[in-house]
Amino acid sequence: MASMFDSAKQVYGELGVDVEAAFKRLDQIAVSLHCWQGDDVAGFENSGALDGGIQVTGNYPGRARNAEELRSDIDEVLSLIPGKKRLNLHALYAEPGKEKVSRDEIRPEHFANWIAWAKKNNVSLDFNPSFFSHPMMKDGFTLSSPDAEVRKFWIRHGIACRKIAEAFGRELGDTCITNFWVPDGYKDIPFDRLAPRERLRNSLDEIFAVEIDQNCNRDAVESKLFGIGAESCTVGSHEFYMGYAARNKKLLCLDAGHFHPTEVISDKLTSCLMFVDEVLLHVSRGVRWDSDHVVIMNEELKAIAEEVIRHNYDKRVHIGLDYFDASINRIMAWTIGARNMSKALLMALVEPAEQLRDAENSGDFSTRLALMEEIKTLPFAPIWNEYCERHNVPVGTAWIEEVKRYEKSVLAKRA
């Protein structure tokens, strides 16, 4: 292993790439895992079937049925992926015990087990209000509902979530990113698109008017093109949230599945970051629509990582994963996507950036293209394997057998 790494390191070194510096920089870039891959976005409320444009397909055995099982599965995933990690929670993963707690009354103590787990694992937490799968989502609307009582309920929920996130940041000593995604919209063509957007803006303003320590929590807002049952008009469009984030100094969340099939978020980063201070990424993979397939090593994933690294955005871009596949082993799905995200970042970090930039700045586009093509066959695998080895996680395909062992010893016993 060492000789293969040394040879690969020399090849990259001849192109002016400092592999050791790339390792050190990657160690500082956190990827936020999404808890909902492990239980199909069910949460622990038992409030009903999924709604709000969310649909999980497949019924592979071994779904986490409670918080203990979910945390056990996340522990397994963390043992298989290198680098700095965070965990992204949704509000419906609260653990109130025997107490029946309305979603607009959840408090930090209902996440005490998650905070204790995070401290034990040296993992920071991110958060999301859950504006879906609830009886108070009336006729497909929450914060933009024409019903004032419905809006008030969800405003209280949003405020409660920001206070929980503030507690996460304070307890863990690391800023929590709280992402607001609101699935409100119309199945068919509306007459009035303005009124619901005004209601959404006013509801968000009311939520964010409550003062929260910015050192403990930062807020992000996330758009969507359409959802199931909201095919004709989504109230929280990209233009709505781009404007809202820029005006109100919020993070803008870009989800890889929330745009037209021909749009890519890698192309949006440099434009958005000219007008907003920070961006949150939800890295996913849409197939024909926002289908949240497992993240694979495709051109868009590599392009996202390249944009983050090439422009030194790693302090301004917060990377989170967002997909849920119940048709395959859920631990396998988690690990594939997480390893690929870290792998793509490392690929970007070992680009011969100086040579590429010099060629472009001098107008030598022939050399630029030639270099970009030659990079594709450089000996990257030994570099990635060395990084995994230094983090004491399985190298190469060894992690697959570990997941199969976990499936036999843990997942298969879940009825």
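The preceding data block contains the structure.
Draft legend 1. Local environment of the overall build of the protein chain. Assigned secondary structure in the protein chain consists of 14 helices and 12 strands. Counting only residues that meet the buried cut, the protein chain has 54% of its 415 residues in that class. Partitioning the intrachain contacts of the protein chain with sequence separation of at least 6 by distance along the chain shows that 80% fall at a separation of at least 24. By element, 50% of the accessible surface of the protein chain is carried by carbon and sulfur atoms, the whole surface being about 18,400 Å².

Draft legend 2. Representation of the nonpolar core in the model. Ranked by internal contacts, the top residues of the largest apolar core, which has 122 residues, are L87, L89, W114, F127, L281 and L346. Core analysis: the second largest hydrophobic core is formed by 5 residues, I177, A220, L251 and L280 among them.

Draft legend 3. Local environment of the side chain of S284. Within the element layout of this structure, S284 appears in the loop between β9 (279-283) and β10 (285-287). A polar atom in the side chain of S284 sits 2.8 Å from the side chain of D292. Dropping the residues within four chain positions of it, S284 is found in contact with D255, A256, D292, H293, V295, D322 and Y323.

Draft legend 4. Quick look at the pattern of salt bridges. Applying the stated criterion to the full structure yields 29 salt bridges. Between D314 and R25 there is a salt bridge, and its shortest N-O distance comes to 2.8 Å. Of the two residues, D314 is situated in the loop between α9 (299-310) and β12 (317-321) and R25 in helix α2 (residues 19-26); the sequence distance between them amounts to 289 residues. A relative accessible area of 17% places D314 in the buried class. Its salt-bridge partner being D40, residue R330 comes within 2.9 Å of it at the nearest N-O pair. Of this pair, R330 sits in helix α10 (residues 330-349) while D40 sits in the loop between β1 (31-34) and α3 (67-78); the two residues are 290 residues apart in sequence, bridging distant segments of the chain. Overall, R330 belongs to the buried group, its relative accessible area being 4%. Shared partners join several salt bridges into a network, and the residues in it are K9, E20, E386 and R390.

Draft legend 5. Summary view of unusual backbone geometry. Notably, N122 is not glycine yet its phi reads approximately 55°, a positive angle. Checked against the element boundaries, N122 lands in the loop between α4 (112-121) and β3 (124-128). For N122, a relative accessible area of 72% gives the class exposed. You will see that N392, though not glycine, has its phi angle at about 60°, which is positive. Following the sequence through the fold, N392 ends up in the loop between α13 (381-390) and α14 (398-409). N392 gets classed as exposed once you look at its relative accessible area, which sits at 70%.

Draft legend 6. Here's a closer look at helix α7 (residues 238-248). Listed as buried for α7 are H238, F240, Y241, M242, Y244 and A245. In this structure, the buried residues of α7 make contact with α6 (194-208), β6 (217-222), β8 (251-255) and α8 (269-272). One or two steps after α7, the chain reaches K249, where phi turns positive at roughly 60°.

Draft legend 7. Representation of the packing of aromatic side chains. Under the definition given, this model contains 17 aromatic pairs. Taking the centre distance of 6.2 Å and the plane angle of 40° together, the rings of F131 and F180 count as tilted. With a gap of 49 residues between them, F131 in the loop between β3 and α5 (148-172) and F180 in strand β4 (residues 176-181) connect regions that are remote in the sequence. Exposure class is identical for F131 and F180. Each is buried. Seen from their ring centres, F208 and Y244 are 6.2 Å apart, and the 45° between their planes marks the pair as tilted. Of this pair, F208 sits in helix α6 while Y244 sits in helix α7, placing them 36 residues apart in sequence. Here Y244 falls in the buried class, since its relative accessible area comes to 5%.

Draft legend 8. Examining the packing of α2 against α10 more closely. Closest axis-to-axis distance for the α2/α10 pair is 9 Å, and the angle between their directions is 140°. Judged by the angle between their axes, α2 and α10 are oblique. At the point where α2 passes α10, the crossing takes the right-handed sense. Judged by residue contacts, A22, F23, R25 and L26 of α2 engage S342, L345, L346 and L349 from α10. Counted by class, the contact of α2 with α10 contains 6 nonpolar, 1 polar and 1 charged residues.

Draft legend 9. Highlighting α10. A rise of 1.5 Å per residue sets the reference length of α10, with its 20 residues, at 28 Å; its end C-alpha atoms lie 29 Å apart and thus fit the reference within 8%. With 17 of 20 residues buried, α10 is to be regarded as a mostly interior element.

Draft legend 10. Broad picture of the packing of α10 against α14. At a minimum axis distance of 10 Å, the contact between α10 and α14 shows a crossing angle of 155°. Looking at the two axes, α10 sits roughly antiparallel to α14. The hand of the α10/α14 crossing is right-handed. Together, I331, M332, T335, I336 and R339 of α10 and W399, I400, V403 and Y406 of α14 make up the contact between the two elements. The class makeup of the residues in the contact of α10 with α14 is 7 nonpolar, 1 polar and 1 charged.

Draft legend 11. Geometry of the pairing of β9. Counting buried residues along β9, 5 of its 5 residues qualify, which places the element largely inside the surrounding structure. The side-chain alternation of β9 yields two buried faces, one formed by V279, L281 and V283 and the other by L280 and H282. Looking at chain direction, β8 and β9 are connected through 4 bridges and run parallel. Counterpart to L254 in the pairing with β9 is L281. Relative to β12, β9 is paired through 5 bridges, and the arrangement is parallel. Looking at the pairing, L281 lines up with I319 of β12.

Criteria and thresholds
- Residues numbered from 1 in each chain as written.
- Predicted model: local features only at pLDDT ≥ 70, side-chain atom pairs only at ≥ 80, totals over all residues.
- Heavy atoms only, no water.
- Helix = DSSP H or I, 4+ residues; strand = E, 2+ residues; numbered from the N terminus.
- Buried < 20%, exposed > 50% of the residue type's maximum accessible area, 1.4 Å probe, protein only.
- Contact = heavy atoms within 4.5 Å.
- Areas by Shrake-Rupley, 256 points an atom, 1.4 Å probe, with all protein chains shown as cover.
- Core = buried A, V, L, I, M, F, W, Y, C linked by side-chain atoms within 4.5 Å.
- Polar contact = N/O pair within 3.5 Å; in protein donor to acceptor, adjacent residues only side chain to side chain.
- Salt bridge = Lys/Arg side-chain N within 4 Å of Asp/Glu carboxyl O.
- Phe/Tyr/Trp six-rings, centres within 6.5 Å; stacked < 30°, edge-to-face > 60°.
- Axes fitted to C-alpha atoms, helices over the stretch in contact; angles between N-to-C directions.
- Parallel < 35°, antiparallel > 145°, perpendicular 65-115°, else oblique.
- Left-handed = near helix turned anticlockwise from the far one by under 90°.
- Nonpolar A, V, L, I, M, F, W, Y, C, P; charged D, E, K, R; others polar.
- Expected span 1.5 Å × (residues − 1).
- Pairing = 2+ DSSP bridges.

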